[in-house]
Amino acid sequence: MAGLKLNNVNKIYPNGFHAVHDMNLDIEDNEFVVFVGPSGCGKSTALRMIAGLEEITSGELYIGDRLVNDVSPKDRDIAMVFQNYALYPHMTNYENMAFGLKLRNVPKDEIDKSVKFAAGILGLEGLLDRKPKELSGGQRQRIALGRAIVRNPQVFLMDEPLSNLDAKLRVQTRAEISKLHQKLKTTFVYVTHDQTEAMTMGTRIVVLKDGYVMQVDTPTNLYEHPENMFVGGFIGSPQMNFIEGELTQEEEELYFVYAGGRIVLQKEKAAKIKSLDRTEKKVVMGIRPEHLEVETIADEKNEANGSDENKALVEVTELLGSETYLFLNVENKTVVARVDPSIIVSVNDHVFIKPRKEKMHFFDPKTEKSLLF
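Worth saying up front: this structure is predicted, and the values here are computed from it rather than measured. (Residues numbered from 1 in each chain as written. Predicted model: local features only at pLDDT ≥ 70, side-chain atom pairs only at ≥ 80, totals over all residues. Heavy atoms only, no water.)

Turning our attention to the overall build of the chain. Helix and strand content of the chain: 10 helices and 20 strands. Residues counted as buried form 49% of the 373 residues belonging to the chain. For the chain, the accessible area works out to roughly 18,100 Å², and carbon and sulfur atoms hold 47% of it. Charged side chains in the chain number 46 positive and 55 negative. The centres of these two groups are separated by 7 Å. (Helix = DSSP H or I, 4+ residues; strand = E, 2+ residues; numbered from the N terminus. Buried < 20%, exposed > 50% of the residue type's maximum accessible area, 1.4 Å probe, protein only. Areas by Shrake-Rupley, 256 points an atom, 1.4 Å probe, with all protein chains shown as cover. Lys, Arg positive; Asp, Glu negative; His and termini not counted. Charge placed at Lys NZ, Arg CZ, Asp CG, Glu CD.)

Printed below as a string of C-alpha cells:
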C-alpha cells in the first residue's frame with residue numbers, strides 16, 4: 001500500500017485554460033481523502049492526473065516513493081471507479097470483475113479466488129452469473145467496485161461514483177464504501193461535488209475552487225474553522241449566513257455592528273481581532289443556521305429588555321420533520337435559521353435572532369480570509 005504526494009502540480013490545456021494551480025498535497029497510506037468543490041473546480045482533472053489519464057503540465061506526482069509523471073496508467077498500480085460504471089455489457093458480472101486480471105495473465109485459480117473474495121465483501125455472490133443490464137444502479141456500482149478490488153491496487157481512485165444513484169441508494173452505498181475502506185486498509189482518493197458525501201466519508205477533505213486548493217483539513221475542522229468565506233459557505237447545508245457590518249470598540253468591549261443591530265464579541269475572538277488592528281473597519285460575520293437562536297416576539301425576557309436590535313421577519317418556513325428551516329428577513333437580507341420543530345412560527349411573524357457568540361466567524365470582505373486564524 002502507498003500514499004500520494006503532489007508537488008506544485010499544474011494542468012494547463014493547449015487553449016491556455018489553467019485547470020489546476022500549484023496543487024501541493026500529501027496523502028498518507030490508508031487515508032480516505034475527498035476532493036470536493038463545484039463543477040469546474042478541477043477536482044476530476046486532479047484525479048485524472050493521478051490516474052495518468054491526463055498529462056501533468058508541471059510539478060511532480062509520487063505514488064509511494066516512485067515518481068510517476070511519465071508512468072503509464074496501467075503501471076501505476078491504481079484502480080479507478082468511474083461515474084458511469086464502465087462495465088462491458090456483453091460480459092457477465094464475473095467476467096467484468098475478472099477482466100483486468102485476465103489481461104495481466106493471472107492464473108485462473110487466483111482470478112477465481114480474487115473475484116469470489118471481492119464478491120463476498122460486497123454481497124455480490126448471487127449476481128456473478130448475470131449481466132450488468134440485469135442489475136440495479138447500486139448493484140452495477142458494486143460490480144465496478146469489485147473489479148477495482150480484485151486488482152489489489154496501492155490506491156483506489158473514485159470519480160463521483162454515486163452521482164447516478166437515487167438519494168436513498170447514495171446513502172446506503174456511501175456507507176458500503178466507507179466500510180470497504182476500513183476492511184481493505186488502502187488509500188482512497190474520492191471526487192464528489194456533494195459536500196455531504198465529503199463530510200461523511202473523508203478522513204480529510206480537499207476543498208477546491210477554480211483550480212485552487214482553498215483548504216485541506218478534517219471534516220470537523222473544515223466545519224468549525226473555515227479559513228475563508230468560500231469554505232464556510234460551501235461546507236454545511238444550509239450554507240453559512242454572511243452578514244456585512246463593522247467592528248467598533250466601546251470601552252473594553254468590541255461590537256459587531258450591522259443593519260439589524262449590534263452584538264458584543266466573545267473575549268477570545270475580540271482579543272484576536274484587536275491584535276490585527278481590525279477595529280473600526282468593515283468585516284463580514286459568518287454564522288451557521290444551527291447557531292442562530294430564535295425566540296418569538298412575545299418572549300418575556302426580550303420584552304423586558306425592550307430590545308428590537310435583532311428582530312427578524314419570517315418569510316418562509318420549511319418543516320423537515322426533525323428540524324425546521326426559517327428564512328428570515330433582517331433589514332432586507334435573507335438569513336436562514338435551523339431550529340427545533342417545537343418552535344412554532346408562521347410566515348409574517350416577527351422573531352428575535354441571537355447568534356451564539358462562540359460560533360461567530362469573521363472574514364475580511366476584500367480577501368475573504370478568516371480574521372480568526
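With antiparallel pairing, 5 strands are arranged side by side in an open sheet as β13-β12-β11-β14-β20. In this open sheet, the two edge strands, each paired with only one partner strand, are β13 (261–264) and β20 (361–363). Neighbour-to-neighbour, the strand axes of the sheet open up by a mean angle of 40°, direction not taken into account. Against the sheet, helix α9 (residues 267–275) contacts β11 (241–250), β12 (253–258) and β20, and its axis sits at roughly 85° relative to β12. (Pairing = 2+ DSSP bridges. Axes fitted to C-alpha atoms, helices over the stretch in contact; angles between N-to-C directions. Contact = heavy atoms within 4.5 Å.)

Take the domain arrangement of the chain next. The domain boundaries assigned to the chain delineate domain 1 (4–234) and domain 2 (241–363). For domain 1 and domain 2, the distance between their C-alpha centres works out to 40 Å. Facing the 8 residues of domain 1 at the interface are 7 residues of domain 2. Roughly 740 Å² of surface becomes buried between domain 1 and domain 2 when both sides are summed, with 58% attributable to carbon and sulfur atoms. (Domains from an automatic or database assignment. Buried area = accessible area lost by both parts, 1.4 Å probe.)

So, about the packing of aromatic side chains. One pair of aromatic rings is described through two measures. These are the centre distance and the angle between the planes. Under the criterion given, the structure shown has 9 aromatic pairs. An aromatic cluster is defined as three or more aromatic residues linked by ring pairs; in this entry it consists of Phe32, Phe156, Phe188 and Tyr190. The ring of Tyr13 has Lys11 lying over it, and the distance from NZ or CZ to the ring centre is 4.9 Å. (Phe/Tyr/Trp six-rings, centres within 6.5 Å; stacked < 30°, edge-to-face > 60°. Lys NZ or Arg CZ within 6 Å of the ring centre and 35° of its normal.)

Time to look at the packing of helix α4 (residues 137–149) against helix α5 (residues 167–184). Running from N to C, α4 and α5 cross one another at 15°; their axes reach a closest spacing of 11 Å. One way to sum up the angle between α4 and α5 is to call them roughly parallel. For the crossing formed where α4 meets α5, the hand is right-handed. Two secondary-structure elements touch here, α4 through Gly137, Gly138, Arg142, Leu145 and Ile149 and α5 through Leu169, Glu176, Ile177, Leu180 and Leu184. In terms of residue class, the contact of α4 with α5 is built from 6 nonpolar, 2 polar and 2 charged. (Parallel < 35°, antiparallel > 145°, perpendicular 65-115°, else oblique. Left-handed = near helix turned anticlockwise from the far one by under 90°. Nonpolar A, V, L, I, M, F, W, Y, C, P; charged D, E, K, R; others polar.)

Met97, Ile177, Leu180, Phe188, Tyr190 and Val207 are the most contacted members of the largest nonpolar core, which totals 46 residues. It is helix α3 (residues 108–122) that contributes the most residues to this core, 6 residues altogether. Sequence-distant contacts of Leu180, defined by excluding residues within four places in its chain, comprise Ile121, Leu122, Leu145, Ile149 and Phe188. Among the nonpolar cores identified, the runner-up in size contains 30 residues, and Ala2, Val9, Leu25 and Val68 belong to it. (Core = buried A, V, L, I, M, F, W, Y, C linked by side-chain atoms within 4.5 Å.)

Our next topic: the pairing of strand β7 (residues 155–159). Regular strands have side chains that alternate between both faces of the sheet. With 5 of 5 residues buried, β7 lies mostly within the body of the structure. Of the two faces of β7, the one holding Val155, Leu157 and Asp159 and the one holding Phe156 and Met158 are both buried throughout. In the sheet, strand β6 (residues 78–81) pairs with β7 via 4 bridges, with the strands oriented parallel. Counted as the bridge partner of Val81 is Met158 from β7. The pairing of β7 with strand β8 (residues 187–192) spans 5 bridges and is parallel. Directly across from Asp159, in β8, lies its bridge partner Val191. A crossover connection joins β7 to the parallel β8 through α5; in handedness this β-α-β unit is right-handed. (Right-handed = clockwise from strand over helix to strand, strands pointing away.)

With respect to the element layout, Glu197 can be found in helix α6 (residues 195–201). Nearest to the buried, unbridged Glu197 among oppositely charged side chains is Arg170, at 4.5 Å. In this structure the side chain of Glu197 is engaged in a polar contact, spanning 3.1 Å, whose partner is the side chain of Thr192. Those residues in contact with Glu197 that lie beyond four places of it in its chain are Leu162, Arg170, Arg174, Tyr190, Thr192 and Gly202. (Salt bridge = Lys/Arg side-chain N within 4 Å of Asp/Glu carboxyl O. Polar contact = N/O pair within 3.5 Å; in protein donor to acceptor, adjacent residues only side chain to side chain.)

So, on to the environment of Glu28. Tracing the backbone through its elements, the reader meets Glu28 in the loop between β2 (18–27) and β3 (32–36). For the pair Glu28 and Leu67, spaced 39 residues apart in sequence, the C-alpha to C-alpha distance is 16 Å. With near-sequence residues (within four places) excluded, Glu28 lies in contact with Gly3 and Thr187.

In terms of backbone geometry, most residues other than glycine have negative phi values and most peptide bonds are trans. In this structure, Pro238 follows Ser237 across a cis peptide bond, with omega equal to -5°. Its place among the elements puts Pro238 in the loop between α8 (229–234) and β11. One non-glycine residue, Glu251, lies in positive phi territory at about 55°. By the secondary structure assignment, Glu251 is in the loop between β11 and β12. By relative accessible area, which is 75% here, Glu251 ends up exposed.

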